[in-house]
Amino acid sequence: MAASTANVDEITAQLEDCLSKCGFEVSPLKVGWYNSLLPASFHLAYPDDTLAVVVLSTPSMFEQAFLPFMEERGYQGLSDPIDQCVKHRVSSAVSQCFPGQEVDVRYDYELLPSRKPKFLAQTAAHVSGAAFYYQKSDVIDQPWDEKKMFGVCVHPKFGGWFAIRALLVFGGVPVGSEMAQPVPPDCVPSREGRIQLLEGFNFHWQDWSYRNIVHPVQTYSQKQRDYFATPPAQRFALLKSWG
Ligand code: GSH
């Protein structure tokens, strides 16, 4: 029997309850919405009506989850601390909310043996309605000829000040047809705005200006900006200097 959308709401609310206080946001989607936009080699091997949930980190993740995580560990040199923190919070939430249930948790930093990412984060965010994925093909009369332009997601509240961290796939949870596919807010509707966004992201991503393409309700704190602007090998020294 297909689960109703009420179950989707319940699953989403349970996750939100655990994760929102740590600065994460969750959005449900159907695997079929995701697979329909991608070539077969990127498909998730689940039926179309399978429930998945995409997890984003918002600006407050750094202060609400990451700094406490590092403090608990005495700012000791563990490798990939951001990834480890996300994994810790998300996997704890999944086992707390759904004990004994098999959930396929895929992180943005994980690769398959084929070296392909375990999921395409921007596509997942787009089909869930969480953030609009702007690509070269979204610009009419493209000014870039054959040049490769990477696409970028824009969140309606946080602009570019967020990151897509994980996809949870609920293998045993078929979703009823009443779950309607949301359209992500098109926060950069004009051709000029989209050109500015894609050029900012592709040519000057280090100045982070593309993140302010919409007026964000919250951005990364100065500490968080300093942290991400520091090369990973020097980040522990920075954390300790705040200590
Ligand atoms: N793998 C390292 C770690 O786990 O500490 C580096 C993590 C890292 O710097 N990730 C970047 C990030 O979270 C790329 S996803 N940036 C936040 C942003 O760009 O908004």
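These numbers come from a predicted model, not from an experiment. (Residues numbered from 1 in each chain as written. Predicted model: local features only at pLDDT ≥ 70, side-chain atom pairs only at ≥ 80, totals over all residues. Heavy atoms only, no water.)

Novice: Got a minute to help me understand the overall build of the protein in this structure?
Specialist: Check the secondary structure of the protein and you find 8 helices and 6 strands. For the protein, the spread of C-alpha atoms along the principal axes amounts to about 55 × 50 × 35 Å. Counting over 243 residues, the protein shows a buried share of 50%. Of the accessible surface of the protein, which amounts to about 12100 Å², a share of 51% is contributed by carbon and sulfur atoms. Seen as two clouds, the 21 positive and the 26 negative side-chain charges of the protein have centres 6 Å apart. (Helix = DSSP H or I, 4+ residues; strand = E, 2+ residues; numbered from the N terminus. Buried < 20%, exposed > 50% of the residue type's maximum accessible area, 1.4 Å probe, protein only. Areas by Shrake-Rupley, 256 points an atom, 1.4 Å probe, with all protein chains shown as cover. Lys, Arg positive; Asp, Glu negative; His and termini not counted. Charge placed at Lys NZ, Arg CZ, Asp CG, Glu CD.)

Novice: Would you take a moment to explain the sheet that holds strand β1 (residues 24-30) for this structure?
Specialist: Sheet strands pair by backbone hydrogen bonding; their relative direction is either parallel or antiparallel. Strand order across the open sheet formed by 4 strands is β1-β2-β6-β3, with antiparallel pairing between neighbours. Of all the strands in the sheet, just β1 and β3 (104-107) have a single pairing partner and so form its edges. Between one strand and the next, the sheet's axes are offset by a mean angle of 20°, whatever the strand orientation. Along the sheet, helix α5 (residues 121-128) makes contact with β1, β2 (50-57) and β6 (163-174), crossing β1 at roughly 80°. (Pairing = 2+ DSSP bridges. Axes fitted to C-alpha atoms, helices over the stretch in contact; angles between N-to-C directions. Contact = heavy atoms within 4.5 Å.)

Novice: What is the right way to read helix α8 (residues 235-242) from this model?
Specialist: Each turn of an α-helix holds 3.6 residues, which means side chains three or four residues apart point in the same direction. Residues of α8 that are buried include every one of Arg235, Phe236, Leu238 and Leu239, and no others. Down the axis, α8 shows its buried residues gathered within 160° of arc, on one side only. Seen from the open side of α8, the exposed residues pointing more than 90 degrees away from its buried face are Ala237, Lys240 and Ser241. (Arc of directions from axis to C-beta.)

Novice: How do you make sense of the state of the cysteines when you look at a structure like this?
Specialist: Here a disulfide denotes one covalent bond, and it connects the sulfur atoms of two cysteines. Per the counting criterion, the structure on display carries 0 disulfides. Cysteine Cys18 shares no disulfide, and the gap to the nearest cysteine sulfur, in Cys97, comes to 3.4 Å. For Cys18, a relative accessible area of 12% corresponds to the buried category. (Disulfide = S-S within 2.5 Å.)

Novice: Sorry if this is basic, but what is going on with unusual backbone geometry here?
Specialist: The general pattern is negative phi for most residues beyond glycine and trans for most peptide bonds. One non-glycine residue with positive phi stands out, namely Asp80, at about 50°. Given a relative accessible area of 47%, Asp80 falls into the partly exposed group. If you check the backbone angles, Asp145 has positive phi at about 50° while not being a glycine. Position of Asp145 among the secondary structure elements: in the loop between β4 (132-134) and β5 (152-154). The class of Asp145 is exposed, set by a relative accessible area of 63%.

Novice: Please clarify how the site of the ligand should be interpreted in this entry.
Specialist: Near the ligand the following residues occur: Asp80, Pro81, Ile82, Asp83, Phe162, Arg165, Arg211, Tyr220, Phe228 and Arg235. Here an oxygen atom of the ligand and a backbone polar atom of Ile82 are 3.0 Å apart. Contact between the ligand and Arg165: an oxygen atom at 2.8 Å from a side-chain N or O atom of the residue. Out of a free accessible area of 500 Å², the ligand has 73% covered by protein chains. Taken together, the residues of the shell around the ligand sort by class into 5 nonpolar, no polar and 5 charged. (Near = heavy atom within 4 Å. Polar contact = N/O pair within 3.5 Å; in protein donor to acceptor, adjacent residues only side chain to side chain. Nonpolar A, V, L, I, M, F, W, Y, C, P; charged D, E, K, R; others polar.)

Novice: Help me understand the environment of Ile213 in this model?
Specialist: Relative to the elements of secondary structure, Ile213 occurs in the loop between α6 (191-203) and α7 (222-229). Distance from Ile213 to Arg194, taken between C-alpha atoms, is 9.0 Å for residues 19 residues apart in sequence. Beyond its immediate sequence surroundings of up to four residues, Ile213 is in contact with Val154, Val188, Gly193, Gln196 and Leu197.

Novice: What exactly am I supposed to notice about helix α4 (residues 81-97) here?
Specialist: For α4, with 17 residues, the first-to-last C-alpha span of 24 Å sits near the 24 Å given by 1.5 Å per residue. Among all positions in α4, only Pro81, Ile82, Asp83, Cys85, Val86, Arg89, Val90, Ala93, Val94 and Cys97 are buried. (Expected span 1.5 Å × (residues − 1).)

Novice: In this structure, what is going on with the packing of aromatic side chains? I would like to understand it.
Specialist: Two aromatic rings are characterised by how far apart their centres lie and by the angle between their planes. Evaluation of the coordinates by the stated rule reveals 14 aromatic pairs. Between Phe62 and Phe228 the ring centres are 6.2 Å apart and the planes differ by 55°, which places this aromatic pair in the tilted class. Residue Phe62 is found in helix α3 (residues 61-72), and its partner Phe228 is found in helix α7; the two are separated by 166 residues along the sequence. The class for Phe228 is partly exposed, based on a relative accessible area of 24%. With a centroid separation of 6.5 Å and 85° between ring planes, the pair formed by Trp208 and Tyr220 is classed as edge-to-face. Of this pair, Trp208 sits in the loop between α6 and α7 while Tyr220 is found in the loop between α6 and α7, placing the two residues 12 residues apart along the sequence. Each member of the pair, Trp208 as well as Tyr220, is classed as buried. These aromatic residues form a ring-pair network of at least three members: Phe62, Phe66, Trp161, Trp208, Tyr220, Tyr227, Phe228 and Trp242. Over the ring of Phe69 we find Arg73, and its NZ or CZ is 3.8 Å from the ring centre. (Phe/Tyr/Trp six-rings, centres within 6.5 Å; stacked < 30°, edge-to-face > 60°. Lys NZ or Arg CZ within 6 Å of the ring centre and 35° of its normal.)

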